[in-house]
Amino acid sequence: MNIRMIAMDLDGTLLKNDHRSISKASIRAIDAAHNNHIACTVATGRIFSIIPHQVRAISDIDWSVTSNGAVLYDNRLNDSKEPSLTDGTYVDIHGAERLLRNIPQSIWIEMWSCGKIYVGRRQWEHMDAYSLRPLHIQALLQIGKVVDDLQQLIDDKMPIEKINFPSIDKTAQEVVMKDLLDNRLYSFIPMREGLEVMGARVSKEHGIQRLCTALGIGLENVMAIGDSENDIEMLEACGMGIAMGNALDEVKDAADHVTLSNEDDGLALAIERYALN
């Protein structure tokens with residue numbers, strides 16, 4: 001198979017378990033792929049502003065597919081010396097308003113827009129009452145922005161990349177998902193600890209497809225690597241799907257191959273074995 005692009009997840013894939021470190025073997029493998037004229041992109045659920053500087057420092061990563069495929073960035077340096085936003089598919093304003101109206105106020109809900117994570121004041125002031133992961137709390141402290149009412153974003157017609165429910169029990173998740181399934185305004189991914197809602201048809205697969213179209217690369221020539229629920233569609237759709245050794249069982253089932261874990265240079269091994277040989 002002629003691999004012309006490598007799309008790699010961040011947390012649990014390129015990044016080690018501290019969610020910021022990258023092994024030297026992975027950096028060397030990415031460099032080797034780039035030198036072989038293989039486009040290298042990250043495909044992450046993160047908003048661009050919280051991609052670790054260790055990732056941004058790798059000049060061989062030319063593209064970033066962020067917020068589960070909603071927004072694409074060109075990382076190649078331009079006159080501003082900053083990555084440029086090249087494409088965005090956002091949550092429909094009417095869909096966002098409908099969802100916000102139907103969600104019980106007790107549920108933690110946040111909107112991701114323009115490099116910030118917007119949270120209502122009531123939730124923010126009672127953050128300790130929610131079961132938020134330490135990594136997510138860190139992100140909130142870094143780029144969180146408190147508003148009196150999330151309706152403000154809708155009224156101001158701000159581009160919403162993702163509506164996130166990082167702490168939601170199964171019963172509440174089922175209630176929210178019923179509303180999501182009743183119309184076609186959204187795409188969504190149930191996660192182990194939450195629910196992520198994007199615009200219609202948005203996914204990592206969709207983001208990679210848009211990037212491939214822009215670059216003239218067929219999806220059959222893409223190798224995708226990941227470990228979590230939001231990676232399944234891209235692993236199934238791309239020409240070759242690689243699951244990390246630390247991936248969920250359902251992710252491994254969706255992949256063509258399974259490599260070693262993110263702590264054992266699984267990404268580097270996959271690139272060397274399947275893209276460079």
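Preceding this paragraph is the structure being described.
What comes next concerns the included structure. (Residues numbered from 1 in each chain as written. Predicted model: local features only at pLDDT ≥ 70, side-chain atom pairs only at ≥ 80, totals over all residues. Heavy atoms only, no water.)

A closer look at the pairing of strand S9 (residues 162-165)
Burial along S9 is two-sided: Lys162 and Asn164 facing one way and Ile163 and Phe165 facing the other are all buried. Here strand S6 (residues 110-113) pairs with S9 via three bridges, running antiparallel. Bridge pairing in S9 places Glu110 opposite Asn164. In terms of strand pairing, S9 meets strand S11 (residues 195-199) through three bridges, oriented antiparallel. Residue pairing across strands places Asn164 opposite Glu196, the latter belonging to S11. (Buried < 20%, exposed > 50% of the residue type's maximum accessible area, 1.4 Å probe, protein only. Helix = DSSP H or I, 4+ residues; strand = E, 2+ residues; numbered from the N terminus. Pairing = 2+ DSSP bridges.)

Observations concerning the nonpolar core
For soluble globular proteins, the rule of thumb is that nonpolar side chains tend to be buried together. Grouped together as the largest cluster of nonpolar side chains are 37 residues, with contacts concentrated most on Ile6, Leu14, Ile30, Val55, Met223, Ile225 and Ile271. Among the elements of the structure, strand S1 (5-8), helix H1 (24-35), strand S2 (39-43), strand S4 (71-74), strand S12 (222-226), strand S13 (240-243) and helix H11 (266-275) are those that each provide at least two residues to this core. The element best represented in this core is H11, accounting for six residues. By size, the runner-up hydrophobic cluster in this structure holds 25 residues, among which are Ile109, Met111, Ile154 and Ala172. (Core = buried A, V, L, I, M, F, W, Y, C linked by side-chain atoms within 4.5 Å.)

Some words on the sheet that holds strand S14 (residues 257-258)
Pairing in this open sheet of eight strands is mixed, and the strands run S5-S4-S3-S2-S1-S12-S13-S14 from one edge to the other. Pairing within the sheet leaves two strands with one partner each, and these edge strands are strand S5 (84-88) and S14. By the bridge criterion, four bridges tie S1 to S12 in an arrangement that is parallel. Of the residues in S12, the one forming a bridge with Ala7 is Ala224. Of the strands in this sheet, S1, S2, strand S3 (63-66), S4, S5 and S12 touch helix H8 (residues 204-215), which is tilted by about 150° from S3. (Contact = heavy atoms within 4.5 Å. Axes fitted to C-alpha atoms, helices over the stretch in contact; angles between N-to-C directions.)

Details of the packing of aromatic side chains
For the coordinates displayed, the defined rule picks out two aromatic pairs. Relative to Tyr130, the ring of Trp108 lies with its centre 5.1 Å away and its plane at 70°, an arrangement referred to as edge-to-face. A residue pair is termed long-range when its members are at least 10 positions apart, and Trp108 in the loop between helix H3 (93-102) and S6 and Tyr130 in the loop between helix H4 (121-125) and helix H5 (134-143) qualify at 22 residues. The ring of Trp112 has Lys162 lying over it, and the distance from NZ or CZ to the ring centre is 3.9 Å. (Phe/Tyr/Trp six-rings, centres within 6.5 Å; stacked < 30°, edge-to-face > 60°. Lys NZ or Arg CZ within 6 Å of the ring centre and 35° of its normal.)

So, the layout of surface pockets
The calculated volume of the largest pocket comes to roughly 1,000 Å³. What lines the largest pocket is a set of 43 residues, among which Asp11, His19, Arg46, Arg133 and Leu135 lie closest to the centre. Looking at the lining of the largest pocket, the element that brings in the most residues is H5, giving five residues. In terms of residue class, the lining of the largest pocket is built from 13 nonpolar, 17 polar and 13 charged. One number sums up the size of the second largest pocket: a volume of about 280 Å³. Around the second largest pocket, the lining is made up of 13 residues, and of these Leu100, Gln105, Ile109, Gln123 and Asp149 lie nearest the centre. With three residues, H4 is the largest single contributor of residues to the lining of the second largest pocket. Here the lining of the second largest pocket is composed, by residue class, of six nonpolar, three polar and four charged. (1 Å grid on protein atoms, 1.4 Å probe; cavity = no way out; pocket = protein on both sides within 12 Å on 5 of 7 lines; lining within 4 Å. Points joined across faces, edges and corners; volume = space filled by probe spheres on them. Nonpolar A, V, L, I, M, F, W, Y, C, P; charged D, E, K, R; others polar.)

Spatial relationships are all this shows, so hold off on functional conclusions.
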